[in-house]
There are 2 protein chains.
Amino acid sequence: MNLLEKKFLKLGAENAPGQEVRQNTNEVILRGEKISGKLVDFSHGNVDAFKPIPGSLDVFIEGVHLGGKQAYTEYRGSKMIREEAAQKLENFSGTTIDAEHNLIITPGTQGALFLAMGSIIARGDKVAIVTPDYFANRKLVEFFEGEVVPIQMDYFNSTTSAGLDFTQLEDAFKAGVKLFLFSNPNNPTGVIYSPNEIKEIARLAQQYGVTVVSDELYSRQVFDGRTYTHLCAQNILDPENVITIMGPSKTESLSGYRLGVAFGSARIINRMEKLQAIVSLRAGGYSQAVMKSWFAEPTDWLNQRIMQHQSIRDDLLAKLQTAEGFKVRGTEAGSYLFPRIPELDVPVEEFVKILRLQANVIVTPGTEFGSQFIDSFRLNFSQDHEAAVAAIDRVIKVVELYRK
Amino acid sequence: MNLLEKKFLKLGAENAPGQEVRQNTNEVILRGEKISGKLVDFSHGNVDAFKPIPGSLDVFIEGVHLGGKQAYTEYRGSKMIREEAAQKLENFSGTTIDAEHNLIITPGTQGALFLAMGSIIARGDKVAIVTPDYFANRKLVEFFEGEVVPIQMDYFNSTTSAGLDFTQLEDAFKAGVKLFLFSNPNNPTGVIYSPNEIKEIARLAQQYGVTVVSDELYSRQVFDGRTYTHLCAQNILDPENVITIMGPSKTESLSGYRLGVAFGSARIINRMEKLQAIVSLRAGGYSQAVMKSWFAEPTDWLNQRIMQHQSIRDDLLAKLQTAEGFKVRGTEAGSYLFPRIPELDVPVEEFVKILRLQANVIVTPGTEFGSQFIDSFRLNFSQDHEAAVAAIDRVIKVVELYRK
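Residues numbered from 1 in each chain as written. Chains lettered and ligands numbered in written order. Predicted model: local features only at pLDDT ≥ 70, side-chain atom pairs only at ≥ 80, totals over all residues. Heavy atoms only, no water.

Per an unreviewed UniProt entry, chain A is named Aspartate aminotransferase, and its organism is Neobacillus mesonae. UniProt annotates chain A under Sequence similarities (unreviewed entry) with the comment "Belongs to the class-I pyridoxal-phosphate-dependent aminotransferase family." As recorded by UniProt, the Cofactor (unreviewed entry) comment attached to chain A reads in full: "pyridoxal 5'-phosphate". (UniProt positions renumbered as here; feature names shortened; annotations may be inferred.)

Spelled out as structure tokens, the structure:
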């Protein structure tokens, strides 16, 4: 097998959200009857249940009518839109952002992540990745031929912090890790890093000269009035060694426009733009206009959205926490839950196919987030409330049918 | 300098279209007065002069109203839209395209190019690139750590073919080239490869087991009733070794939606989708809907667009061909001209800055298309007719001011 074949073998997307239709399900054998119910696709948020920011399409249409000016922006994005976004993100994160040097608009948050990783990782570089964390993180390191150094997060045995293993983190930094990439709130568990954890990450990174990419995609949707800590605002780590990633695809349901943003280090942003120039030129010109509706939602829109999600979370948690053999930590921010289930007769990747075929429910297998999570799955509960609750009942029934 | 610094040094985007605002012009010294006139940006087409396909925004809006189904498609693009596109591209190119396996929708044609290159080139692979050709081609090979093998195209000394040097091409293939990438019509010269040239490329690639990526972005806009030959339809080269790239960003002025398409080899398309999953997930979901307006333009819309461009070409050619010391071959397809100019007192990169500051005209320096083109520049004449003609007069005046 040649280099490229090996590389793409690690890039499997069969279990990625939305790719279920490409799965081979010929050999799945179901136990018992189908359990009927409305399809719920927990692999990503449902933008029909939680609609895009009001007026976002109007802003897009205005962008189209601006014509060439909006279609052909600088590769890092329209200057005017960057300036407006920088202002909003300064207010939100509490850090300083010069729109000219410290910010790039990207095709989705995934685009920001790809460009950042491609601009920081050279072949052979060690990259510390949290276990569990967003599945693309590991794949990106492998694509750029870096070396993944896993850092455990003991999310079940803490309530006041995410549970990151700082002994492992410092050992990894000592051993020459170049980049630490993590999502906060954590994807898939929905836990937030405590202020002390964030400060300690920054302190260690500063001590060992490590660059940090902080993926804060879901950081606007914080539950129960918890404290959220932006690493970039701590003034502990050299700002030229920090990139923060955000975007309006989740809480704001604007994923269909493919918009994200990265801010921080001018040196890295500059590289990201050069890479963007050969990857896809720029975030869609007209879509960039939609950035105007971000952080400019109608009064109370965000609060209401948070309350609605908190309420769905509570109902799902009540069911999952009492289901026989399940274990789950409550979501602190974002829309993910990552329940652990009892031991089954089938591997989790097959369980996920069964769930889809037998109960009309789609979830993402835990193994996407780290090979040891053979007993967990992720669900995004940004769904129709009633349908989500009914779907969880079906999940629990299917687990009963296949448990050891 | 480390590996990554070297890599990004080669990725300069300062002279790329649309990036002029980031140029350092402090040290440019102008000779004589400014030559006033309406700004013409020949670095890319003007979508205000040649507007997007009628109704394209309406199709986008319909896509938004479809909701989640349109926002979250498979990474290779919505099945329905792929099926429709496959049908149209079959008719256009004369090849067979199975929408399920042989086609991917990408964020612009640049996206298709990046994904294709990333799916074919491994570190150290030799890649044959035409000189001159689209500037990103070379940059892509370098980013993926391949080795560029330049193949000369003698576009001035031929009228019945592009002028590709087949001795060089066969020598390169013999020497182990893995991939041959070329644009047809050629960017920046606007010449078309003859049927014999296309057949010979296919024959040699088949003989030596070389994969071919044919960038046919501008292939719908063919002038003077010339014959255009699609390599994929020749049945000479194993279809699993061909990828064809197209998109509606140029002739159709849909660049602001960031849409492209690649079709051909199922193996390569499959890899491209896996790569797309970590690069930016998918072409913008709502934008994908706009593919419906492609190849479905109002009757005679395309013919009229071709005639209008042909007429601009004729007027610019008449001026350029009679200007002292200029040499230029007429565009056969697309909207590019690549004139050679007399020797100047300033390097072409500085000439380009002067032109912008002194005469309000933006062009792309020849050196972007190959280091030897120190005496050429590219212009995209998809512009307001009158303004373009006036701008060419200013270009000729500026050349007069700075010639040796």
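Still more ground to cover, so stick around.
Draft legend 1. Up close: the overall build of chain A. When helices and strands are tallied, chain A shows 13 helices and twelve strands. For a compact globule of 404 residues, the expected C-alpha radius of gyration is about 22 Å, and chain A comes in at 21 Å, within 12% of that figure. Seen along its three principal axes, the alpha-carbon backbone of chain A occupies a region of about 60 × 50 × 50 Å. For chain A, the proportion of contacts with a sequence separation of at least 24, taken over those separated by at least 6, is 76%. For chain A, the exposed surface amounts to about 14200 Å²; the carbon and sulfur share of it is 48%. The positive charge centre, built from 43 side chains, and the negative charge centre, built from 49, are 3 Å apart in chain A. (Helix = DSSP H or I, 4+ residues; strand = E, 2+ residues; numbered from the N terminus. Rg over C-alpha atoms; globule rule 2.2 N^0.38 Å. Contact = heavy atoms within 4.5 Å. Areas by Shrake-Rupley, 256 points an atom, 1.4 Å probe, with all protein chains shown as cover. Lys, Arg positive; Asp, Glu negative; His and termini not counted. Charge placed at Lys NZ, Arg CZ, Asp CG, Glu CD.)

Draft legend 2. Main features of the interface of chain B and chain A. Listed per partner, the contact involves 71 residues of chain B and 71 residues of chain A. Interface area, chain B with chain A, both sides summed: about 5800 Å², of which 62% is carbon and sulfur. Considering only the surface of chain B that becomes buried against chain A, R22, Y72 and I278 of chain B emerge as the three largest contributors, covering 14% of it. Our count for the contact surface shared by chain B and chain A stands at two salt bridges. Residue R123 of chain A pairs with E145 of chain B through a salt bridge whose shortest N-O separation is 2.3 Å. Counting across the chain B and chain A interface gives 16 residue pairs in polar contact (both at pLDDT 80 or more). (Buried area = accessible area lost by both parts, 1.4 Å probe. Salt bridge = Lys/Arg side-chain N within 4 Å of Asp/Glu carboxyl O. Polar contact = N/O pair within 3.5 Å; in protein donor to acceptor, adjacent residues only side chain to side chain.)

Draft legend 3. Highlighting the side chain of S43 of chain A. All names here are of chain A. Tracing the sequence through the fold places S43 in the loop between β1 (40–41) and α2 (56–66). Judged by relative accessible area, S43 falls into the buried class, the value being 1%. Within the structure, the side chain of S43 is placed 2.6 Å from the side chain of D41, a separation counted as a polar contact. If near-sequence neighbours (up to four positions away) are discounted, S43 is found in contact with P17, G18, E20, I362, T364 and R378. (Buried < 20%, exposed > 50% of the residue type's maximum accessible area, 1.4 Å probe, protein only.)

Draft legend 4. Representation of the domain arrangement of chain A in the model. All names here are of chain A. Considered domain by domain, chain A is made up of domain 1 (3–51 + 300–402) and domain 2 (68–293). The centre of domain 1, based on its C-alpha atoms, is set 25 Å off from the matching centre of domain 2. Across the contact, 39 residues belong to domain 1 and 35 residues belong to domain 2. The junction of domain 1 with domain 2 conceals about 3400 Å² of combined surface from both sides, 56% of it contributed by carbon and sulfur atoms. When the area that domain 1 buries against domain 2 is broken down by residue, the three leading residues are R329, E332 and Y336, summing to 23%. If you look at where domain 1 meets domain 2, you find four salt bridges. Our count for the domain 1 to domain 2 interface comes out at 20 residue pairs in polar contact (both at pLDDT 80 or more). Those elements that provide at least two residues to the side of domain 1 that touches domain 2 are α1 (3–9), α11 (301–322), β9 (336–337) and β12 (377–380). Ranked by residues supplied to the side of domain 1 that touches domain 2, first place goes to α11 with seven residues. A class-by-class count of the residues in the side of domain 1 that touches domain 2 yields 19 nonpolar, nine polar and eleven charged. (Domains from an automatic or database assignment. Nonpolar A, V, L, I, M, F, W, Y, C, P; charged D, E, K, R; others polar.)

Draft legend 5. Spatial organisation of the relation of the copies chain B and chain A. Taken as rigid bodies, chain B and chain A are interconverted by a rotation of 180 degrees and an axial shift of 0.0 Å, the fit giving an RMSD of 0.0 Å. The transformation relating the two chain copies, once decomposed into turn and shift, fits a two-fold axis. Mapped onto chain A, 100% of the interface residues of chain B are again interface residues, and the two copies thus contact each other with one and the same surface. (Least-squares fit on C-alpha atoms with pLDDT ≥ 70 in both.)

Draft legend 6. A look at the pattern of salt bridges. Residue and element names in this part refer to chain B. Using the criterion set out here, one finds 46 salt bridges over all chains in the structure. Here K7 ties to E145 by a salt bridge, and the two come within 3.1 Å at their closest N and O atoms. With K7 in helix α1 (residues 3–9) and E145 in the loop between α6 (135–143) and β4 (147–152), this residue pair connects regions lying 138 residues apart in the sequence. Given a relative accessible area of 16%, K7 falls into the buried group. For E145, a relative accessible area of 22% puts it in the partly exposed group. Where E74 meets R82, a salt bridge forms, and the shortest distance between an N and an O atom there is 3.0 Å. No difference in accessibility class separates E74 from R82, as the two residues are buried.

Draft legend 7. Here's a closer look at the sheet that holds strand β5 (residues 179–183) of chain A. All names here are of chain A. Pairing within the open sheet is mixed, and its seven strands lie in the order β2-β8-β7-β6-β5-β3-β4. Strands with a single pairing partner mark the edges of an open sheet, and in this sheet they are β2 (103–106) and β4 (147–152). Averaged over neighbouring strand pairs, the angle between their axes works out to 20 degrees when direction is ignored. Note: strand β3 (residues 126–131) against β4, six bridges, orientation parallel. Residue V127 lies in a different strand from β4, and its bridge partner there is V148. Across the face of the sheet, helix α4 (residues 79–93) comes into contact with β2, β7 (242–246) and β8 (260–264) while running at roughly 110 degrees to β2. (Pairing = 2+ DSSP bridges. Axes fitted to C-alpha atoms, helices over the stretch in contact; angles between N-to-C directions.)

Draft legend 8. View of unusual backbone geometry. The omega angle of the peptide bond from T131 of chain B to P132 of chain B is 0 degrees, so this bond is cis rather than trans. Position of P132 of chain B among the secondary structure elements: in the loop between β3 (126–131) and α6. Cis geometry marks the peptide bond from N184 of chain B to P185 of chain B; its omega dihedral reads 5 degrees. Within the secondary structure, P185 of chain B is located in the loop between β5 (179–183) and α8 (195–208). Even without being glycine, F295 of chain A reaches a positive phi, approximately 60 degrees. Mapped onto the elements, F295 of chain A comes out in the loop between α10 (285–288) and α11. With a phi angle near 60 degrees, N360 of chain A is a residue other than glycine that sits in the positive phi range. Within the secondary structure layout, N360 of chain A lies in the loop between α12 (348–359) and β10 (361–362).

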